[in-house]
Amino acid sequence: MPVKAVENARIVTPDGIVEGAMTFDGDTIVSVGNGSAASAVNADGDFIIAGLIDIHTDNLEKHLMPRPGVQWDSAGAALAHDGQIATAGVTTVFDSLSLSGHKNGLDRGEALTIMMGGMDEAEGSGALRIDHLLHLRCEVTNPEIESLVNPYLGTKRLRMLSVMDHTPGGNRQSGSLETWKQKQLKRGRSIEEIEANLQASMSWRDFEGADARRRMIAEFGRDYEIPVASHDDATVDHIETASGLGCHIAEFPVSYEAAEAAKKCNMVTVMGGPNFVRGGSHGDNASARKVAEAGHLDALCSDYVPLSMIRAAFMLAEAPFSWPLEKAIGTVTAEPAKMAMLDDRGTLEAGKRADFVRVSYQPGHWPVIKEVWSKGRRAV
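Residues numbered from 1 in each chain as written. Predicted model: local features only at pLDDT ≥ 70, side-chain atom pairs only at ≥ 80, totals over all residues. Heavy atoms only, no water.

1. Here's the deal with the packing of helix α2 (residues 74–87) against helix α3 (residues 108–124)
Rule in force here: Note on geometry: axes are lines fitted to C-alpha atoms, helical ones only across the stretch in contact, with angles between N-to-C directions running from 0 to 180 degrees. Helix and strand definitions follow DSSP, with helices as H or I runs of at least four residues and strands as E runs of at least two, each counted in order from the N terminus. Should an angle fall under 35 degrees it is taken as roughly parallel, and over 145 as roughly antiparallel, whereas 65 to 115 is taken as roughly perpendicular and any remaining angle as oblique. Note on convention: the crossing is left-handed when the near helix lies turned anticlockwise from the far helix by less than a right angle, right-handed when the turn is clockwise. Throughout, a contact is declared for two residues whenever any of their heavy atoms are within 4.5 Å. Each residue gets one of three labels, nonpolar for Ala, Val, Leu, Ile, Met, Phe, Trp, Tyr, Cys and Pro, charged for Asp, Glu, Lys and Arg, and polar for the others, Gly among them.
Two elements in contact, α2 and α3, have axes whose closest approach is 7 Å; the angle formed by their N-to-C orientations is 70°. When the axis of α2 is compared with that of α3, the two are roughly perpendicular. For the pair α2 and α3, the sense of crossing is right-handed. Residues Ser74, Ala75, Ala78, Leu79 and His81 of α2 pack against Ile114, Gly118, Met119, Glu121 and Ala122 of α3. Across the contact of α2 with α3, the residue classes tally to six nonpolar, three polar and one charged.

Rendered as structure tokens:
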């Protein structure tokens, strides 16, 4: 395969913006800032950034069950999800799948094998545009969690674990039971629906063994060299406990105290792009913007809106944040790569994977994604 190039570009590197060309041979970057090739793409002065790395997205579930109670073909869901994620500039996605509970009529425990089967079918046919890895979300109150995680340990796809407790009325994301009920009312659910959901949710939970299961998942991470995130921590004690277990990632801390504690414990913090773009959490938790202002934000993920990542990253380069562009873009490229222990991607440097995005951007406006390249091949 002949050497290719992107020329007339503003290339965002870890050290700043380099104007010129970037060459790549096959799936590997050869040079940044200079070089030429017979086959070249004229970027017309647009930015070239590393392909985005999304370590947490709920997007695949939405395509498997596009309406409550309506289950779609699993391979078709994988293809639709892959296409939407790719057009958002993401070249590596961690499909973040819960192992427990129900959502919109979807039994998440049963759906996991269905979704993975569809993903394997799509990958086997060569239809996927980008890299799909697996992030398993482990509810520590689920007594069956070990048997659900075990089949994926040691597989090439599983590259992240997270521990969480979404108990209604718990002391993490949902707050008090009354707070949880009020949030459900705001979402349009009736009192009868709320009570039914509460009973269904509590029926399968085992609270006595939760701490032991939290330790077990952390041990899986150490044994299999998989990063482990602690999800929705609300207190300093939550963070210190997670850090003590070896969790290095604070995923969506719900309070500013937790975000500050994570920094003190040398944990890295990832927040949702939708939270940042909206200016606040949909669940009235900590604002990603305020976490950034305090100097505690390390990375962003798409959570439930794929296109939010690139918008949030460029917003960080604007007032009032005014981060250097390379640092702002790093929140969706270099920093997630470090969190996920992916040392072959996340930055535009010689020897790294040729995953990159061509972006047209005017301050104050949404970035426009012109092209997406994954492993040296155009995906969008």
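2. Focus on the sheet that holds strand β7 (residues 90–98)
Selection criterion: Two strands are said to pair when DSSP picks up at least two bridges between them.
Spatially, β6-β7-β10-β11-β12-β13-β14-β15 is the arrangement adopted by the eight strands of the open sheet, whose pairing is parallel. Each edge of the sheet is formed by a strand with only one pairing partner; in this case those strands are β6 (52–57) and β15 (299–301). Direction aside, neighbouring strands of the sheet carry axes that sit 25° apart on average. Here strand β11 (residues 158–164) pairs with strand β12 (residues 228–231) via three bridges, running parallel. Directly across from Leu161, in β12, lies its bridge partner Val228. Sheet strands touched by α2: β6, β7 and β10 (131–139). Its angle to β7, the strand with the most contacts, is close to 130°.

3. Focus on the nonpolar core
What counts is decided by this rule: For our purposes a nonpolar core is just a set of buried Ala, Val, Leu, Ile, Met, Phe, Trp, Tyr and Cys residues, chained together by side-chain atoms within 4.5 Å. Remark: exposure states derive from per-residue accessible area (1.4 Å probe, protein chains only) relative to the maximum for the residue type, with buried under 20%, exposed over 50%, and partly exposed in between.
Ranked by internal contacts, the top residues of the largest apolar core, which has 40 residues, are Met116, Leu136, Cys138, Val149, Leu158, Leu161 and Ile217. In terms of residue count, α3 provides more of this core than any other element does, six residues in total. Ignoring any residue separated from it by four or fewer positions in sequence, one finds Ile217 in contact with Cys138, Val149, Leu161, Val163 and Val228. Among the nonpolar cores identified, the runner-up in size contains 36 residues, and Ile130, Met271, Met309 and Trp323 belong to it.

4. Observations regarding the packing of aromatic side chains
As a reminder, the rule being used: For this analysis, a ring pair means two rings from Phe, Tyr or Trp (six-membered ring only for Trp) whose centres lie within 6.5 Å, classed as stacked if their planes differ by under 30 degrees, edge-to-face if by over 60, and tilted for the remaining angles.
Taken as a whole and judged by the stated rule, the model has seven aromatic pairs. Taking 6.4 Å as the distance between ring centres and 55° as the angle between the ring planes, the aromatic pair formed by Phe47 and Tyr361 counts as tilted. Of the two residues, Phe47 sits in strand β5 (residues 47–50) while Tyr361 sits in the loop between β16 (356–360) and β17 (368–374), which places them 314 residues apart along the sequence. The same class applies to Phe47 and to Tyr361, which are both buried. Ring geometry for Phe314 versus Tyr361: centroids 4.3 Å apart, planes at 35°, classification tilted.

5. With respect to the environment of Asn266
Here Asn266 lies in the loop between α9 (256–264) and β14 (268–272). For the pair Asn266 and Ile249, spaced 17 residues apart in sequence, the C-alpha to C-alpha distance is 9.1 Å.

6. Structural notes on the pattern of salt bridges
What counts, and what does not: We count a salt bridge whenever a side-chain nitrogen from Lys or Arg sits within 4 Å of a carboxyl oxygen from Asp or Glu.
For the structure on display, the rule yields 19 salt bridges. Where Asp120 meets Arg157, a salt bridge forms, and the shortest distance between an N and an O atom there is 2.7 Å. Here Asp120 is found in helix α3, whereas its partner Arg157 is found in the loop between α4 (145–149) and β11, with 37 residues between them in sequence. Of the charged contacts in the structure, one is a salt bridge between Lys263 and Asp298, with a shortest N-O distance of 3.3 Å. Of this pair, Lys263 sits in helix α9 while Asp298 sits in the loop between α11 (288–293) and β15, placing them 35 residues apart in sequence. Through salt bridges with shared partners, a single network forms among Asp44, Asp46, Arg358, Lys370, Glu371 and Arg378.

7. Here's the deal with the side chain of Arg345
Stated formally: Here a polar contact is taken to be a pair of N or O atoms separated by no more than 3.5 Å, where protein atoms must pair a possible hydrogen donor with a possible acceptor and residues adjacent in sequence count only if both atoms sit in side chains.
Structurally, the position occupied by Arg345 is in the loop between α14 (334–339) and β16. In this structure Arg345 comes out as buried when scored by relative accessible area, which is 10%. Within the structure, Arg345 has its side chain in polar contact with the side chain of Thr92 (distance 2.9 Å). Of the polar contacts made by the side chain of Arg345, one reaches the side chain of Asp131; its length is 3.1 Å.

8. Regarding α3
Defined as follows: Between the first and last residue of a helix there are one fewer steps than residues, each counted as 1.5 Å, and that sum is the expected span. Starting at the helix axis, one direction is taken to each C-beta atom, and the arc is that of these directions.
For α3, built from 17 residues, the straight-helix expectation of 24 Å at 1.5 Å per residue is met to within 8% by its first-to-last C-alpha distance of 24 Å. Among the residues of α3, Arg108, Ala111, Leu112, Met115, Met116, Gly118, Met119 and Ala122 are the ones counted as buried. Looking straight down α3, one finds its buried side chains confined to an arc of 160°; they lie on one side. The exposed residues of α3 that point more than 90 degrees off its buried face are Glu110, Thr113, Glu121 and Gly124. In the segment just after α3, Gly126 is the residue with positive phi, at about 75°.

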